[in-house]
Amino acid sequence: MSGETPVETSRKTARTKADWFSAAEDVLVAEGVEAIRIDHLCQQLDVTKGSFYWHFPNRAAFLSAFLADWRERTTLNVIEMLSQQERDPETRLVRLLSLPDRPKAPKAAQVEQSLRAWARTDATAQEALADVDQRRLMFFREIFAELGFTADEADRRARLAYTLMLGDTVLRSSTKDAGAVLSDAVSLLLAQPK
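The notes below deal with the structure included here. Predicted, not measured: the structure shown is a model, and the values here were computed from it.

1. Some remarks on the pattern of salt bridges
Side chains carrying opposite charge are able to pair once their charged atoms draw close together.
Here is step 1: Here the structure, examined in full by the defined rule, presents 15 salt bridges.
Here is step 2: Across the pair R73 and D69 runs a salt bridge, and its minimum N-O distance is 2.7 Å. Highlighted residues: R73 and D69, both in helix α4 (residues 59–85), separated by four residues, approximately one helical turn.
Here is step 3: Within this structure, E25, D26, D69, R73 and K107 form a network of salt bridges that share partners.

2. Section: the nonpolar core
Here is step 1: W20, I36, L41, F62, F66, L115 and W118 are the most contacted members of the largest nonpolar core, which totals 29 residues.
Here is step 2: Dropping the residues within four chain positions of it, F62 is found in contact with W20, F21, A24, I36, L41, F52 and F56.

3. A few points about the environment of L99
Here is step 1: In this structure, L99 sits in the loop between α5 (89–97) and α6 (105–119).
Here is step 2: Excluding anything up to four places from it in sequence, L99 contacts V78, A105 and M165.

4. Quick word on the layout of surface pockets
Here is step 1: In this structure, the largest pocket occupies an estimated 820 Å³ of space.
Here is step 2: Taken together, 28 residues make up the lining of the largest pocket; nearest its centre are T74, V78, L99, A105 and A108.
Here is step 3: Per-element tally for the lining of the largest pocket: the top contributor is α6, with eight residues.
Here is step 4: Each residue belonging to the lining of the largest pocket can be placed in one class, and the counts come to 16 nonpolar, four polar and eight charged.

5. Some points on the side chain of E112
Here is step 1: Take E112: it is sitting in helix α6.
Here is step 2: E112 sits in the buried class, given a relative accessible area of 11%.
Here is step 3: Not counting the four nearest positions on each side in its chain, E112 is found in contact with W70, R136, Y162 and L166.

6. Comments concerning the packing of α6 against helix α8 (residues 151–171)
Here is step 1: Contact pair α6 / α8: the axes reach a minimum separation of 9 Å and the direction vectors enclose 110 degrees. Between α6 and α8, the angle falls in the class roughly perpendicular. Crossing geometry of α6 relative to α8 is assigned as left-handed. Residues A109, E112, Q113 and R116 of α6 form the contact with α8, whose own contacting residues are Y162, L166, T169 and V170.

Cut-offs applied
Residues numbered from 1 in each chain as written. Predicted model: local features only at pLDDT ≥ 70, side-chain atom pairs only at ≥ 80, totals over all residues. Heavy atoms only, no water. Salt bridge = Lys/Arg side-chain N within 4 Å of Asp/Glu carboxyl O. Helix = DSSP H or I, 4+ residues; strand = E, 2+ residues; numbered from the N terminus. Core = buried A, V, L, I, M, F, W, Y, C linked by side-chain atoms within 4.5 Å. Buried < 20%, exposed > 50% of the residue type's maximum accessible area, 1.4 Å probe, protein only. Contact = heavy atoms within 4.5 Å. 1 Å grid on protein atoms, 1.4 Å probe; cavity = no way out; pocket = protein on both sides within 12 Å on 5 of 7 lines; lining within 4 Å. Points joined across faces, edges and corners; volume = space filled by probe spheres on them. Nonpolar A, V, L, I, M, F, W, Y, C, P; charged D, E, K, R; others polar. Axes fitted to C-alpha atoms, helices over the stretch in contact; angles between N-to-C directions. Parallel < 35°, antiparallel > 145°, perpendicular 65-115°, else oblique. Left-handed = near helix turned anticlockwise from the far one by under 90°.

Listed below in structure tokens is the structure:
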């Protein structure tokens, strides 16, 4: 039957790239990047190696695609969504700073911490992380610039806001009054320079 796309087969069900990336996140958090091996992922997903090779030519290509997917989901998509949904820069700032309070945030924080550990020993991961940090900081800078701060003030506040957001993802489980902390943080970040 010409024109038909071949279908991936496995022991149970076909797996998507998203399934592979999700499995890799779990392995990364639990065991580190060294454990993200083809055989280990196949075992986690209960599929054959052929299933892996259906989507990816090799481990290096998989890891590169995994980093690209993480970058897109956790940064590019978030920036795009907030830019489209929230025209008001102050509301965008509040939404960004409240991301650590979302239900999926604890797992996302574990993945990001594991990626940061990986980036200390791998140039490809380091490049992906540097790009993500740069894009996130730029988005914060744009918000503060829209709020009327000078370029220098916008840069300083962006760094403070990003540091606060990253720290909050780590400390969130120990924060009892997250709403009050967020409100205080926004007030401090929006205060006019003396």
